[in-house]
Amino acid sequence: MTLIVSSILILAVIGLLVGLMLVFVSETFHVEVDEREAAVRECLPGNNCGGCGYAGCDAVAAAIVKGEAPVNACPVGGAPVADKISEIMGISADSTEKMVAFVKCAGTCDVMKVKCNYFGIESCEAAGSLPGKGVRACQQGCLGYGSCVKACQFDAIHVVNGVAVVDRSKCVACGSCVKACPQNLIELVPDRSTYAVRCSSTEKGKTVKALCDVGCLGCGLCVRQCEQGAITLKDNVAHIDYNKCIGCGKCAEKCPAKIIRLR
Amino acid sequence: MPKLTFRGGVRLKGYKELSANVPIVFHQAKGELVFPLNQHVGKPAIPIVKRGEAVLAGQIIAKADGFESANIITSGSGKVKAIESRMTSAGVMAPCIVIDNDGQYNLAPGVGEPCDYTKLTNEEIVAKVQAAGVVGLGGAATPTHIKLCPEQPEEIDHLIANGAECEPYITCDDRLMQEQPGWIVSGLKVLMQMFPAADAVIAIQDDKPAAIAAMQKAIEGERKMSVMVLKTKYPQGSERNLVHAVTRRKMTSDDTPANLGCIVNNVTTLAAIYHAVCLNEPLMEKGFTVTGDAVAEPHNFLVKIGTSCSEILEAAGGLKAEPKKVLIGGPMMGMAITDLDIPIAKSYNALVCMTHDPVEDCEIKETACIRCGRCVRACPVGLVPQMMAQAATAKEYERYVKLHGLDCIGCGCCAYICPAKRPLTQMFKQTKPIVLDLQRQGKL
């Protein structure tokens, strides 16, 4: 009996002493924290995805408070978070448009010619660094080994039938996939966009046609069709300028390869 | 005397019987000849001919860009059809000079005129080798004149002729040693004149008894020349292992064979040196094996550089079965190709067509590393592939450098021996250029 009582007493005393020590330490070694930093950190999503270019949400919060990063530095949070942070910081945020990732390739397994087999490391960097670049005929298209899928923390990109496809409802435009893609196929486009060019091949039309059924031939029909002058042709691929695009869809209608589309 | 060898490596089934007993056939290309401008280590050559210009066999068509580059010589006569991007080995487009071959093989003036090498100075010999566009023909494709200009020529005490030919399937060096030992010995004599203090050693693996006998006969009565028999083990033919086997000198990562007193040349390269110096014949032909169980009649050829692989395959009777895998080079270090219409470059030594793909057929799929250490035992360089793989997968490039990952020669022993079937060599081959790139940018 005495054993139980004494052990409880000893533990209680130790607990009390340690508690007092902790109080003392936290009082004497107190570090001044900018209240705003904690407040900004509160607003951020807390995924630590690194999409902003900083090491995590804590790092970007500190940078925002120091004035090194803009209040809309978090691409994941988008406009609502930027508004909250700008309130805390007392500066007005530039209006941010919600962006989403977009894969500029439509060469799925059934439309792209296959030239060989590949048995090796299942990653786009590994397959892409080999001469010949992956199993498909087009060397500039999606390799389909899912490096972007591994990079995405929001389950927003998947390889469907050999090509990466973005789920716009889940995408937060953190840009991890953009950095992960060794073929540089992914770009951020405004969420409102309804038409986009699903090809990146800089080869000439004849070569593209031989390799893939859904490649941009660089014919320039869309450029002539667009009344807003939003489409330009660079290196045999059409590019849409979303500041000018009104989403009329005339380009998509005329495209002979039918590649100006989202899906 | 115990057979010479090195630490590590793997024993492989040779498959050399397919073509080992077929004498070398001289093949004169009928179709167009294609010469990629980057057939060697170093800067690509600069074309000095124009479209439509007539060229003669043995004429320089692209000049070396600086010392660390090599001339490119047309192996046939005809007109320059185009200078354009063509498919080269394993699906890379590269600028090439295309010669419309007239089939006459008219020689350029001066080609084939005998020359007494004993009257030449060292500089003149190097200049001749350089002009002839000779590169390491064993596969490395380092311009040979660089090897012949060591920083301390008086330190060179071993001239090693590399007749190991340790890659499975390939037999062209074996046949060359049997049929033309004189070329190799003459090539060595030229080098011995340049480096009088050196002994010449012809190193041959013991799976080639006929070649050993032929070379021993050829050097009978020669002083300072010997044939050394090596144990059959892969990769016996890599420079580092060969220097160790012959001289017992250990090469560290900072060493070159030259500062250990050795100059290592492949036997085919020595034959090319002999042709360049003694016969004024630039590098136009080379030994080439066409083999594999999908080939109708496996052959050893003396082939014109620039010939297309499909033409040389036709010359070997074509395919008797649908190939699952076609390789340029041997199965360990060779590259799988997807298109047969690629030209034979200086450093290619075999076309292997296999009816089955051993990697595809392997029933064991990749699993986690169990740290058994077999890769460590197999690595001929003395690296720890298992830890290098960790660093490579985690993209810890600094650690990769600390583990001497850059010394990896890509021989494939670790991936071959790995019971978990991990693609180790591929990881290293992928990581090496990334690390080198970072170092060049000063970020590592």
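Residues numbered from 1 in each chain as written. Chains lettered and ligands numbered in written order. Predicted model: local features only at pLDDT ≥ 70, side-chain atom pairs only at ≥ 80, totals over all residues. Heavy atoms only, no water.

What to know about the interface of chain B and chain A
Across the contact, 13 residues belong to chain B and 14 residues belong to chain A. Roughly 1,000 Å² of surface becomes buried between chain B and chain A when both sides are summed, with 59% attributable to carbon and sulfur atoms. Counting the surface chain B buries against chain A, the share from its top three residues, B:Thr338, B:Gln426 and B:Gln430, is 47%. Linking chain B with chain A are one salt bridge. Between A:Glu125 and B:Lys395 there is a salt bridge whose closest N-O contact spans 3.7 Å. At the surface where chain B touches chain A, the tally comes to two residue pairs in polar contact (both at pLDDT 80 or more). Put simply, the parts of the chain that give the side of chain B that touches chain A at least two residues each are α9 (358–361) and α14 (424–440) of chain B. (Contact = heavy atoms within 4.5 Å. Buried area = accessible area lost by both parts, 1.4 Å probe. Salt bridge = Lys/Arg side-chain N within 4 Å of Asp/Glu carboxyl O. Polar contact = N/O pair within 3.5 Å; in protein donor to acceptor, adjacent residues only side chain to side chain. Helix = DSSP H or I, 4+ residues; strand = E, 2+ residues; numbered from the N terminus.)

Observations regarding the sheet that holds strand β9 (residues 158–163) of chain B
Residue and element names in this part refer to chain B. Spatially, four strands are ordered β11-β10-β9-β12 in an open sheet, and the strand pairing comes out parallel. Across the chains shown, the open sheet's two edge strands, defined by having one partner strand only, are β11 (225–230) and β12 (262–266). Shown here is a sheet whose adjacent strand axes are inclined to one another by a mean of 25 degrees, direction ignored. Across the sheet, helix α5 (residues 209–218) touches β10 (199–205) and β11, and the angle it forms with β10 is around 160 degrees. With respect to the sheet, helix α6 (residues 239–247) is in contact with β9, β10, β11 and β12, its orientation differing from that of β9 by roughly 120 degrees. (Pairing = 2+ DSSP bridges. Axes fitted to C-alpha atoms, helices over the stretch in contact; angles between N-to-C directions.)

With respect to unusual backbone geometry
Of note, the amide linkage connecting B:Tyr234 to B:Pro235 takes the cis form, showing an omega dihedral of -5 degrees. Mapped onto the secondary structure, B:Pro235 falls in the loop between β11 and α6. A positive phi angle, close to 70 degrees, is found at A:Asn236, a residue other than glycine. Locating A:Asn236 in the fold gives a position in the loop between β5 (231–234) and β6 (237–240).

A few points about the domain arrangement of chain B
Residues and elements named next belong to chain B. What the domain assignment reports for chain B is domain 1 (16–20 + 111–278) and domain 2 (374–440). Each of domain 1 and domain 2 has a C-alpha centre, and these two points are 29 Å apart. Across the boundary between the two partners, domain 1 contributes six residues, which contact seven residues of domain 2. Summed over both partners, the interface of domain 1 with domain 2 buries about 520 Å², with 60% contributed by carbon and sulfur atoms. Considering only the side of domain 1, the residues that lose the most area to domain 2 are Tyr234, Arg240 and Ser253, jointly responsible for 66% of the buried surface there. The tally of links between domain 1 and domain 2 comes to zero salt bridges. Between domain 1 and domain 2 we count one residue pair in polar contact (both at pLDDT 80 or more) in total. (Domains from an automatic or database assignment.)

Comments concerning the nonpolar core
Among the nonpolar cores identified, the biggest contains 65 residues, and A:Leu44, A:Ile64, A:Ile85 and A:Ile157 are the most heavily contacted of them. At the level of elements, α2 (35–43), α3 (57–66), α4 (78–89), β1 (99–103), β3 (163–166), β4 (186–190), β6 and α10 (250–254) of chain A are the ones that each hand at least two residues to this core. Per-element tally for this core: the top contributor is α3(A), with six residues. If we skip the residues at most four places from it in the chain, A:Ile64 touches A:Val40, A:Ala69, A:Pro70, A:Val71, A:Ala73, A:Ile85 and A:Met89. Membership of the second largest hydrophobic core comes to 63 residues, among which are B:Met177, B:Met194, B:Val227 and B:Ala276. (Core = buried A, V, L, I, M, F, W, Y, C linked by side-chain atoms within 4.5 Å. Buried < 20%, exposed > 50% of the residue type's maximum accessible area, 1.4 Å probe, protein only.)

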